Amino acid sequence: MSEGTKNFLKLFGVIVALIIAYKIAMMVFHFAISVAVPILIIGGIAYGVYRYSGGKSLMGGRKTLP
């Protein structure tokens, strides 16, 4: 195989590897966002209820969050 063919195949392999790595990174990012957004929304609502109730624990204890 000539040197030019080897270089072309290397370049082609690097481009294919970059495309695959990009797709995997986007899948991981999409999964992380799809899990984090509902957790943040529920946490925000819970924190709002906590602040609206005066910052006291809901179980009647004496402890409060900082």
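Rules and cut-offs
- Residues numbered from 1 in each chain as written.
- Predicted model: local features only at pLDDT ≥ 70, side-chain atom pairs only at ≥ 80, totals over all residues.
- Heavy atoms only, no water.
- Helix = DSSP H or I, 4+ residues; strand = E, 2+ residues; numbered from the N terminus.
- Buried < 20%, exposed > 50% of the residue type's maximum accessible area, 1.4 Å probe, protein only.
- Areas by Shrake-Rupley, 256 points an atom, 1.4 Å probe, with all protein chains shown as cover.
- Expected span 1.5 Å × (residues − 1).
- Phe/Tyr/Trp six-rings, centres within 6.5 Å; stacked < 30°, edge-to-face > 60°.

Colleague: Got a minute to help me understand the overall build of the protein in this structure?
Modeller: Regarding its fold elements, the protein presents one helix and zero strands. Classification of the 66 residues of the protein by burial places 3% in the buried group. Total accessible area on the protein stands at roughly 6200 Å², and carbon and sulfur atoms take up 77% of it.

Colleague: How do you make sense of helix H1 (residues 3-52) when you look at a structure like this?
Modeller: The periodicity of an α-helix, 3.6 residues per turn, causes residues three or four positions apart to be oriented the same way. Here H1 is 50 residues long and its end C-alpha atoms lie 72 Å apart, about the 74 Å a rise of 1.5 Å per residue gives. Two residues or fewer after H1 comes Gly54, characterised by a positive phi angle close to 100 degrees.

Colleague: Mind showing me how you'd approach the packing of aromatic side chains here?
Modeller: The relative placement of two aromatic rings is captured by the distance of their centres and the angle of their planes. Following the criterion strictly, the structure yields one aromatic pair and no others. Between Tyr47 and Tyr50, the aromatic rings sit 6.0 Å apart at their centres with planes inclined by 35 degrees, giving tilted as the arrangement. Taken together, the residues span about one helical turn, with Tyr47 and Tyr50 both in helix H1 at a distance of three residues. The exposure class assigned to Tyr47 is partly exposed, which follows from its relative accessible area of 45%.

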